[in-house]
Amino acid sequence: MPGFDVQQFRQQFAFFQQQPNWVYLDNAATMHKPHAVLDAVTAFYQQHNSNVHRGAHQLSQQATVLFEQARSNIAGYLNAAHPHEVIFTSGATAALNQIAFGLMHTLLKPGDRILLTQLEHHANIVPWQLHCQRFGVIIDVVPLTADHGIDLVAYKKLLALGPKAVSFSHISNVLGHIQPVAQMVALAKAAGAVTVIDGAQGIVYQQPDMQQLDCDFYVFSGHKLYGPTGIGVLYGKTLWLDRLTPIFAGGEMIDTVSFVNTTFNKLPFRLEAGTPNIAGAIGLSAAISWLQKYNTNQVQQHKSLLLKEFYNGLAAIKAIDILSMPVHNAGIVALNVRGEHPSDVAELLNQQQVAVRSGQHCAMPLFSYLAQQGAVRCSFAAYNTLDDVNRCLLALEQAVEILTA
Amino acid sequence: MPGFDVQQFRQQFAFFQQQPNWVYLDNAATMHKPHAVLDAVTAFYQQHNSNVHRGAHQLSQQATVLFEQARSNIAGYLNAAHPHEVIFTSGATAALNQIAFGLMHTLLKPGDRILLTQLEHHANIVPWQLHCQRFGVIIDVVPLTADHGIDLVAYKKLLALGPKAVSFSHISNVLGHIQPVAQMVALAKAAGAVTVIDGAQGIVYQQPDMQQLDCDFYVFSGHKLYGPTGIGVLYGKTLWLDRLTPIFAGGEMIDTVSFVNTTFNKLPFRLEAGTPNIAGAIGLSAAISWLQKYNTNQVQQHKSLLLKEFYNGLAAIKAIDILSMPVHNAGIVALNVRGEHPSDVAELLNQQQVAVRSGQHCAMPLFSYLAQQGAVRCSFAAYNTLDDVNRCLLALEQAVEILTA
Amino acid sequence: MTLEQLLAETQPALLQIKQQDLADITAAKDWQSKYRVLMQLGKKLPPVPEKMKQPHLLVKGCESRAWLMHYHDKAQDKHFFVLDSEARIVKGLMAIMLCLVNGMTSAELAKFDLCHKFDQLNLKPYLSQSRGNGLTAMAERIKACCPAK
Amino acid sequence: MTLEQLLAETQPALLQIKQQDLADITAAKDWQSKYRVLMQLGKKLPPVPEKMKQPHLLVKGCESRAWLMHYHDKAQDKHFFVLDSEARIVKGLMAIMLCLVNGMTSAELAKFDLCHKFDQLNLKPYLSQSRGNGLTAMAERIKACCPAK
Ligand SMILES: Cc1ncc(COP(=O)(O)O)c(C=O)c1O
Ligand SMILES: Cc1ncc(COP(=O)(O)O)c(C=O)c1O
């Protein structure tokens, strides 16, 4: 099998032709979209646009087939046990809110505990927090080890308190660290907790196998996986999806409605109120099909190479503090120029057309734990090149030079 | 000013070139998208794709400007008092759920009443119903008059019971009747109720002026207004938006987060958790800009003409029962072939490539009130032609002929 | 009325459909003729009395409501079905389905390929569109009556 | 330390910036030179003591935190501001802003057009990108200190 050809890969993104001068290293925030995705969305609107389900006519039936094929395709990619285990949402945030809300009304009772970790994205903290406050559920937080990994010893101790639910990210959106999710799920299950994985970054790194991983929920956003904005996936085991109280009520999720009584439809409709993001689902499915044309190992190798080069280059720049470890890293590096505010560093990179993000990256509890005011985050994708890495390194050098002048 | 040129208008929809044989009369379910919308979405992804807000780099700032311009443009179209009064949601259903959930935790107390009407879409019934059950809030329902209009006498009587909130549709999605919303809002306000308008169909018919109409909330979906799927608008007066408890928590809507305490950001961010449907918002804004190139009166006249022709033609077909009145009708006609099931009629139209919808159209309470098992719904848009009307009439005749053979 | 009585009335109707109407449908050249025959099929099936239309017999996934009843002659391992639908097209299509499956053994039912059969009858174009309505749901329900091995 | 004391220390720094650095920035040909000057500006402003950085003085909409204090000399109708920011670029830009606005009357402040001024200083390209960060927020906050008529 021939190796991964980054130029061939990159050519499929109109963005890089349109913006040839930019080095885009803000991939953990959102990714660019290949032609395959934009074409699928446009083709749907031009040829098959129609509302799905309950359609008496062939156009609607065709749209329904395309929409349901998108679901099956994604379910296949995740190795879900059934297509209806893939629920379309507007994004990872919506999915996590649905889970927190949904469990709060069925599984969780006042006085129960749930378990999160110190490095979660706000989307995996605040939905729980809000409902926990209302319902009197207690949140425990797994601390980190010295090298900013999840402290598994503490994790086990906290599991012993008997949390009903455990929710953690597959990959930290700040540090890029790949968590030992298989082990964490197994431990949580052994402790009798329902397991939720925030896969917003994890899905980009690898094709997760739901039946092997055996988690109860896994969520992600389309826009971070080469797909459109406004679409996300809530994967759940049938058993657990059935136990979620829907956060949205409306069309299609309903079986019968009267002003006296309303009964719900079956999965997946029960959790998909209203007209779904049909084009979004089709676009995300196209992204996944397109991605499968590439060999995951080769893509990962390419990204590892970028990361290695980047770490090597960073070592040669003075006054750089790196928060991310190079091992078990999915391609995200959080760093600071010593004594400087990250937004100054990011702005100086911006002046050199290197796009990175700075701040607390929706993970304030992590930063207060680290006692840092924030960080500059360089996040790499498969379409980044060694040239991107080098331009970023040069720009960082220049920034340090100006800051320490 | 030259009249409305339906051929020029229709040519802007790739769909009709791709599917030249179809007569599409399912516009109340979803509308087709003009080039202007698809081009805006594609251009965003190709040239400006980036995540919005908090971006340290220029690409993100450009995306933010485009996204916020979309908001301002829509706010301008609605004559909102401030751009932040336009909240982006995934659709009308999501918006109505946000309102029902949001008020339930602040305005409404056990024993309070709210007021809906008999002809609401499920999306404007079930979200209220679910929360009302949990919170012990009572729902009153405004009955209809003999000609299937809202019974204003009964409405006034029910207002006298002092409902805290009143929610009704601008235009019935089944019957097409334009409700006297201005009058209904004024009466509700006089009775001290907060007013919610489900504008999913209304927004297609006319440009609503929020400051003149003076309702507290108005919601709609992009996909029914020539826009993309997965995007909708929740308009609210600042005062009332501020009183809504967010249904979703996550990134951007938050000011500070710790495991002890979380504070919320200001509007509109407070109600837009997570990465929004950026391309969707831009597409919807493009739809609105494009639509404004046409004269609303002329578009309405064209649709009135179609409707008149359709009613004339229906009169000549035997055994047709019409549920919709021709006056104050926005272009939706619900009908039945006497003694036949609507799905049989719709299927026979489908065989003739006339796309209509049949069933209860997510308005079961209306149908149980009408004591009908459903209806065939023909819904017209500005891009429909007299030829479409005639082909539908011929197809109906053929259907009646086969059914009554 | 009992299920047995209803079945007794249904079987001759199905026989007639099998012997005559199926050929007419297959032979019909345009959709109008096909649908004219289809419309008549439903009328030939005796209606299920309102009282027997219990909620648990409702088949989900139909735009119109349909009811399905099942009888398994265990001694001979033969499956029999009775049905009714509000919509005539659905009822007609289901009548065809019953012609094909009534009297099948469990093993035959498990193997039965509705799609293939409808193709042979020149009804495929209809079937492929029918994902939204109840036909596939009905076929699944029928096959689900097969005792699991 | 009191606000008056802080102001007394700030004013000479601003004067120096006004007389010397603004010209340097305007004259700078490449972005590196511009930013080198900008970086120095912040250092010239006396820092606001930690104790005085009260939460209500925080300016929202900054990626970095910034604090703004206002003093209105009612007798002469003159407005004075003091500020600090965690980020040096922001602090530098704000120093420029203060040079321009400190000592203005309410009427002058209301009319003040930051965008236009930054354009004259050849800083517009920076400003136009700054919607996301705190500069426009800061300008709005400053203008909001103007007593409403
Ligand atoms: C009157 C009315 N309200 C609400 C909705 C729900 O809209 P959506 O499915 O786009 O959320 C619809 C669309 O079917 C409608 O017609
Ligand atoms: C780990 C993690 N979780 C959740 C989210 C939220 O995703 P979205 O904003 O697409 O809903 C993100 C994205 O920022 C993330 O990185």
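Residues numbered from 1 in each chain as written. Chains lettered and ligands numbered in written order. Predicted model: local features only at pLDDT ≥ 70, side-chain atom pairs only at ≥ 80, totals over all residues. Heavy atoms only, no water.

A. How the structure looks around the side chain of threonine 30 of chain B. Residue placement: threonine 30 of chain B occurs in the loop between strand S1 (23-24) and helix H3 (35-48). Setting aside its immediate chain neighbours within four residues, threonine 30 of chain B contacts Asn49, Ser50 and Asn51 of chain A together with Tyr24 and His223 of chain B. (Helix = DSSP H or I, 4+ residues; strand = E, 2+ residues; numbered from the N terminus. Contact = heavy atoms within 4.5 Å.)

B. Region of the structure containing the pairing of strand S15 (residues 375-379) of chain B. Residues and elements named next belong to chain B. Burial analysis of S15 places five of its five residues in the buried class, the great majority of the element. Burial along S15 is two-sided: the face carrying Ala375, Arg377 and Ser379 and the face carrying Val376 and Cys378 are both buried. Here four bridges tie strand S12 (residues 332-337) to S15, and the two strands are oriented antiparallel to one another. Across the sheet, the residue bridging to valine 333 is cysteine 378, located in S15. (Buried < 20%, exposed > 50% of the residue type's maximum accessible area, 1.4 Å probe, protein only. Pairing = 2+ DSSP bridges.)

C. The arrangement of the arrangement of the chains in detail. Most contacts, compared over the five pairs of chains touching, are made between chains A and B. The closest approach of any C-alpha atom in chain C to one in chain D is 47 Å; the two make no contact.

D. Examining the interface of chain B and chain A more closely. Listed by partner, the interface residues are 90 residues for chain B and 90 residues for chain A. Considering only the side of chain B, the residues that lose the most area to chain A are Tyr45, Phe248 and Phe259 of chain B, jointly responsible for 11% of the buried surface there. Across the contact surface, chain B and chain A share zero salt bridges. For the interface between chain B and chain A, the tally reads 26 residue pairs in polar contact (both at pLDDT 80 or more). Among the elements that take part in the side of chain B that touches chain A, H3 of chain B stands out by supplying six residues, more than any other. (Buried area = accessible area lost by both parts, 1.4 Å probe. Salt bridge = Lys/Arg side-chain N within 4 Å of Asp/Glu carboxyl O. Polar contact = N/O pair within 3.5 Å; in protein donor to acceptor, adjacent residues only side chain to side chain.)

E. Here's a closer look at the packing of helix H5 (residues 92-104) of chain B against helix H6 (residues 126-135) of chain B. Residue and element names in this part refer to chain B. In the contact formed by H5 and H6, the axes pass within 9 Å of each other and the chain directions differ by 20°. On the basis of the axis angle, H5 is roughly parallel to H6. Judged by the twist between their axes, the crossing of H5 over H6 is right-handed. Packed against H5, whose contacting residues are Leu96, Asn97, Ile99, Ala100, Phe101, Leu103 and Met104, the element H6 presents Pro127, Trp128, His131, Cys132 and Phe135 at the interface. (Axes fitted to C-alpha atoms, helices over the stretch in contact; angles between N-to-C directions. Parallel < 35°, antiparallel > 145°, perpendicular 65-115°, else oblique. Left-handed = near helix turned anticlockwise from the far one by under 90°.)

F. Seen up close, the nonpolar core. All names here are of chain A. Counting residues in each nonpolar core, the largest one holds 80 residues, and the members touching the most others are Leu78, Tyr155 and Tyr226. Residue contributions to this core reach at least three from each of two domains, namely domain 1 (6-30 + 295-404) and domain 2 (38-291). Beyond its immediate stretch of four places on either side in the chain, leucine 78 contacts Val86, Ile203, Pro208, Asp209, Met210, Phe220, Val233 and Tyr235. (Core = buried A, V, L, I, M, F, W, Y, C linked by side-chain atoms within 4.5 Å. Domains from an automatic or database assignment.)

G. Highlighting the sheet that holds strand S11 (residues 320-322) of chain A. Residue and element names in this part refer to chain A. One open sheet holds the four strands; their spatial order is S11-S12-S15-S14, and the pairing between them is antiparallel. The open sheet has two edge strands with one neighbour each: S11 and strand S14 (357-359). Taken over all neighbouring pairs, the strand axes of this sheet differ in orientation by 30° on average, direction set aside. Along the sheet face, helix H16 (residues 386-403) touches S11, strand S12 (332-337) and strand S15 (375-379) and points at about 20° away from the line of S12.

H. Inspection of the site of ligand 1 at higher detail. Taken together, 13 residues form the shell around ligand 1, and within it Thr93, Asp198, Ser221, His223 and Lys224 of chain B come nearest. In this structure, ligand 1 is bordered by residues of chains A and B. Separating an oxygen atom of ligand 1 from a side-chain N or O atom of threonine 275 of chain A is a distance of 2.7 Å. Contact between ligand 1 and threonine 93 of chain B: an oxygen atom at 2.6 Å from a side-chain N or O atom of the residue. Taken by itself ligand 1 offers 390 Å² of open surface, and the protein chains cover 93% of this. By residue class, the composition of the shell around ligand 1 is three nonpolar, eight polar and two charged. (Near = heavy atom within 4 Å. Areas by Shrake-Rupley, 256 points an atom, 1.4 Å probe, with all protein chains shown as cover. Nonpolar A, V, L, I, M, F, W, Y, C, P; charged D, E, K, R; others polar.)

I. Just unusual backbone geometry, in detail. All names here are of chain A. Cis geometry marks the peptide bond from leucine 267 to proline 268; its omega dihedral reads 0°. Note on placement: proline 268 falls in the loop between strand S10 (262-264) and helix H12 (278-291). With a phi close to 65°, histidine 148 is a non-glycine residue in the positive phi region. With respect to the element layout, histidine 148 can be found in the loop between strand S4 (138-142) and helix H7 (152-159). Phi is positive for cysteine 362, close to 55°, though the residue is something other than glycine. Along the chain, cysteine 362 falls in the loop between S14 and helix H15 (364-370).

J. Broad picture of helix H3 (residues 35-48) of chain A. Given a rise of 1.5 Å per residue, 14 residues ought to cover 20 Å, and the 19 Å separating the end C-alpha atoms of H3 of chain A matches this to within 8%. Within H3 of chain A, burial applies to Val37, Leu38, Ala40, Val41, Thr42, Phe44, Tyr45 and Gln46 of chain A. Residues of H3 of chain A that are buried make contact with helix H4 (58-78) and H12 of chain A together with helix H2 (14-18) and H3 of chain B. (Expected span 1.5 Å × (residues − 1).)

K. View of the packing of helix H13 (residues 296-315) of chain B against helix H16 (residues 386-403) of chain B. Residues and elements named next belong to chain B. Direction vectors running N to C along H13 and H16 enclose 20°, while the axes themselves pass 9 Å from each other. It follows that H13 is roughly parallel to H16 by the angle criterion. Where H13 crosses over H16, the two elements pack in a sense that is right-handed. Contacts between H13 and H16 involve Leu305, Leu306, Glu309, Phe310, Gly313 and Leu314 from the former and Leu386, Val389, Asn390, Cys392, Leu393 and Leu396 from the latter. Residue composition of the contact of H13 with H16, by class: nine nonpolar, two polar and one charged.

L. Region of the structure containing the domain arrangement of chain A. Residues and elements named next belong to chain A. The domains assigned to chain A are domain 1 (6-30 + 295-404) and domain 2 (38-291). For domain 1 and domain 2, the distance between their C-alpha centres works out to 28 Å. With 29 residues of domain 1 in contact, the opposing surface of domain 2 contributes 25 residues. Buried surface at the junction of domain 1 and domain 2, summed over both partners, amounts to about 2500 Å²; 59% is from carbon and sulfur atoms. Among the residues of domain 1 in contact with domain 2, Cys362, Leu366 and Tyr369 are the three that bury the most area, contributing 21% of the side total. Taken together, the links from domain 1 to domain 2 amount to zero salt bridges. Residue assignment for the side of domain 1 that touches domain 2 shows that the elements contributing at least two residues are helix H13 (296-315), S12 and H15. Among the elements that make up the side of domain 1 that touches domain 2, the one with the highest residue count is H15 (six residues). Grouping the constituent residues of the side of domain 1 that touches domain 2 by class yields 19 nonpolar, nine polar and one charged.

M. Summary view of the site of ligand 2. Around ligand 2 sit 13 residues in total, of which Thr93, Asp198, Ser221 and Lys224 of chain A together with Thr275 of chain B are the nearest. Protein contact buries 94% of the 390 Å² of open area that ligand 2 shows by itself. When the residues that make up the shell around ligand 2 are grouped by side-chain class, the tally is three nonpolar, eight polar and two charged.

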